[in-house]
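# Summary of structural features
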Amino acid sequence: MALVLGIESSCDETAVALVDSDRRIVAQRIASQNEEHAPYGGVVPEIAARAHAEKLAPMIKAVLGDANISLNDVDAVAATAGPGLIGGVMVGLISAKALAMASDKPLIAINHLEGHTLSPRLADASLEFPYALLLVSGGHCQILRVDGVGQYSRMATTIDDALGEAFDKTAKILSLGFPGGPAVEELARKGDPIAVPLPRPLFRSAEPHFSFAGLKSAVLRAKDSGQYNDADLAASFQQAAIDCVNDRLGKSLDQMGDVSALVVAGGVASNKAIRTALESLAANHSLPFVAPPPALCTDNAAMIAWAGIERLGQSDPLDIAARPRWPLDPDAETVRGAGVKA
Ligand code: KG4
Ligand code: ZN
């Protein structure tokens, strides 16, 4: 049995976890920086980096203490090496390098998006490659065909905003604070999803890409009109987003070839209304639906440690660089403008 220490620091959660090859999360701690960033209505990179630098080392010590082990008992140290806010990524990666060097254990540099991508396999031992993945977070909105560890084909991406970003901006328009996704979901429960006429950008377009910028602007115009209450705005926004996801993902599934399951991951995957919609979509395509528990969807270190387990045997050099950008599928074409590939 193998045990990996995972470190996550690419955005505004400082997280440390120990995960073993039997899929047990042996110990984990997550420190959110919501309070630090809330006054600014979004994540401030400099504040995030400073908070990671303060919190990480004591958290690593605490997690090893929780599991009652020492660094010598782990088989590898895995850390997010990108993509993300570079200051934070550097704090986590440099800490992992120091731990790996001091304990003479392999360093495994993990792509944060791969952490999300493989996290469903930590939660569900029966999930096999290849699977179709909707990866929806604050910074990313992609549909991938996942054929194996490191084998990712991007079928679709967003031409403007990510889905989580659209939730966060809608929350801002409705003065719901930060982070906005869970607040929009909660308010939407009290509203009418068809009360506000909103656009479904790229609906039924030939390529399966996403667009959410126009939807967000339409929410702003509807709010400014003074005609609608906030709960109806939240519910109608969420419904429009779900309709877009259903349409775009349905198109991708038709183009993807055989897969074992429809899987959702990333922070937005903790949204219950989206999960319910995806469950129906999967059933319509005769596929099982797999979604990790919400705590594994939002940023965490268990998914980074698990990606380390999946990559055991790999050993990255101590001079490996932190990467602000790191696409999962480097061969995917850049997409610019409304469905026009550049
Ligand atoms: O994966 P994640 O924790 O961090 C990134 O890598 O971006 O995703 C965070 C995003 C934020 O945009 C947040 O508003 C969104 O996920 N989110 C949600 C919900 N919970 C988190 N969006 C909609 N409904 C939710 N319940
Ligand atoms: Zn993430």
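Note that the coordinates shown come from a computational prediction; the quantities given were computed from them, not determined experimentally. (Residues numbered from 1 in each chain as written. Chains lettered and ligands numbered in written order. Predicted model: local features only at pLDDT ≥ 70, side-chain atom pairs only at ≥ 80, totals over all residues. Heavy atoms only, no water.)

A separate point is the site of ligand 1. The full set close to ligand 1 counts 18 residues, and Gly-138, Asp-168, Glu-185, Gly-267 and Asp-299 are the nearest of them. His-116 places a polar side-chain atom, nitrogen or oxygen, 3.2 Å from an oxygen atom of ligand 1. Within the residue set of the shell around ligand 1, elements represented by two or more residues are helix H4 (112–123), helix H5 (163–173) and helix H6 (181–188). Taken together, the residues that form the shell around ligand 1 break down as four nonpolar, eleven polar and three charged. (Near = heavy atom within 4 Å. Polar contact = N/O pair within 3.5 Å; in protein donor to acceptor, adjacent residues only side chain to side chain. Helix = DSSP H or I, 4+ residues; strand = E, 2+ residues; numbered from the N terminus. Nonpolar A, V, L, I, M, F, W, Y, C, P; charged D, E, K, R; others polar.)

Before going further, it helps to spend a moment on the packing of helix H8 (residues 230–256) against helix H9 (residues 272–284). Running from N to C, H8 and H9 cross one another at 30 degrees; their axes reach a closest spacing of 10 Å. Relative to H9, H8 is oriented roughly parallel. Regarding H8 and H9, the two cross each other, and that crossing is right-handed. Here Gln-238, Ile-242, Val-245, Asn-246, Leu-249, Gly-250 and Leu-253 of H8 lie close against H9, whose contacting residues are Ala-273, Ile-274, Ala-277, Leu-278 and Leu-281. (Axes fitted to C-alpha atoms, helices over the stretch in contact; angles between N-to-C directions. Parallel < 35°, antiparallel > 145°, perpendicular 65-115°, else oblique. Left-handed = near helix turned anticlockwise from the far one by under 90°. Contact = heavy atoms within 4.5 Å.)

A few words now on the sheet that holds strand E9 (residues 262–265). Spatial strand order, E8-E7-E6-E9-E10: five strands in an open sheet with mixed pairing. Only two strands of the sheet have a single neighbouring strand rather than two, namely strand E8 (151–156) and strand E10 (289–290). Note: strand E6 (residues 131–136) against strand E7 (residues 141–148), six bridges, orientation antiparallel. Of the residues in E7, the one forming a bridge with Ala-132 is Arg-145. The sheet strands contacting H4 are E6, E7, E8, E9 and E10, and the helix crosses E6 at an angle near 130 degrees. (Pairing = 2+ DSSP bridges.)

Moving on, we come to the coordination of the zinc ion (ligand 2). Note on the zinc ion (ligand 2): its protein donors are His-112 (NE2), His-116 (NE2) and Asp-299 (OD). The metal-donor distances range over 2.0 to 2.1 Å. In the primary structure, the donors to the zinc ion (ligand 2) are separated according to the pattern H-x3-H-x182-D. Here His-112 and its partner His-116 are both found in helix H4, four residues apart, which amounts to about one turn of the helix. Pair check on accessibility: His-112 and His-116 agree, each one buried. (Donors = N, O, S within 2.8 Å, 3.2 Å for Na, K, Ca; no water. Buried < 20%, exposed > 50% of the residue type's maximum accessible area, 1.4 Å probe, protein only.)

Turning to the environment of Thr-158, a few remarks are in order. Relative to the helices and strands, Thr-158 is located in the loop between E8 and H5. Here the alpha-carbon distance between Thr-158 and Leu-202, two residues 44 residues apart in the chain, equals 10 Å. Beyond its immediate chain neighbours, meaning those up to four positions away, Thr-158 contacts Cys-141, Phe-210 and Ser-211. Within polar-contact distance, the side chain of Thr-158 engages the backbone oxygen of Phe-210 at 3.4 Å.

Across the protein, the average pLDDT comes to 96, with 98% of residues at or above 70. Across the protein, the secondary-structure element scoring lowest on mean pLDDT is helix H1 (residues 34–37), at 90, and the one scoring highest is strand E1 (residues 3–8), at 99. Predicted confidence is poor over residues 338–342, with pLDDT under 50, and the contacts of this stretch with residues over four places away or in other chains come to eleven contacts. (pLDDT = per-residue confidence, 0-100.)

What follows covers the packing of aromatic side chains. Per the stated rule, a full pass over the model turns up three aromatic pairs. Arranged with centres 5.7 Å apart and planes meeting at 15 degrees, the rings of Phe-129 and Tyr-131 form a pair that is stacked. Residue Tyr-131 is classed as buried on the basis of its relative accessible area of 0%. (Phe/Tyr/Trp six-rings, centres within 6.5 Å; stacked < 30°, edge-to-face > 60°.)

All right, on to the sheet that holds strand E2 (residues 13–20) then. Pairing is mixed across the open sheet formed by five strands, whose spatial order is E3-E2-E1-E4-E5. Two strands close off the open sheet at either side, each with one partner strand: strand E3 (25–32) and strand E5 (107–111). Each strand axis lies, on average, 20 degrees off the axis of its neighbour in the sheet, ignoring direction. Bridge count for E1 against strand E4 (residues 76–82) is four bridges, and the pairing is parallel. Bridge pairing in E4 places Leu-5 opposite Val-77. Of the strands in this sheet, E1, E2, E3, E4 and E5 are in contact with H4, which crosses E5 at around 95 degrees. Strands in contact with helix H11 (residues 302–310) are E1, E2, E3, E4 and E5; relative to E2, the strand with the most contacts, it is inclined by about 40 degrees.

Counting across every chain of the model gives 15 salt bridges. In this structure, Arg-145 engages Asp-147 in a salt bridge whose closest nitrogen and oxygen atoms are separated by 3.0 Å. Its relative accessible area of 17% is what places Arg-145 among the buried residues. Looking at Asp-147, the relative accessible area reads 28%, which means it is partly exposed. Glu-185 serves as the salt-bridge partner of Arg-189, at 3.8 Å between the closest nitrogen and oxygen. Assessed through its relative accessible area of 57%, Arg-189 is described here as exposed. The network of salt bridges with common partners includes Asp-161, Glu-165, Lys-169 and Lys-216. (Salt bridge = Lys/Arg side-chain N within 4 Å of Asp/Glu carboxyl O.)

Turning our eyes to something else, we now look at the nonpolar core. Ranked by size, the top nonpolar core spans 49 residues in total, and within it Leu-134, Leu-163, Leu-198, Phe-212, Phe-237, Leu-262 and Leu-278 carry the most contacts. The element best represented in this core is H8, accounting for 13 residues. In this structure Leu-163 touches Val-136, Ser-137, Cys-141, Phe-212, Ala-241, Val-245, Val-268 and Ile-274, once residues within four positions along its chain are discounted. (Core = buried A, V, L, I, M, F, W, Y, C linked by side-chain atoms within 4.5 Å.)

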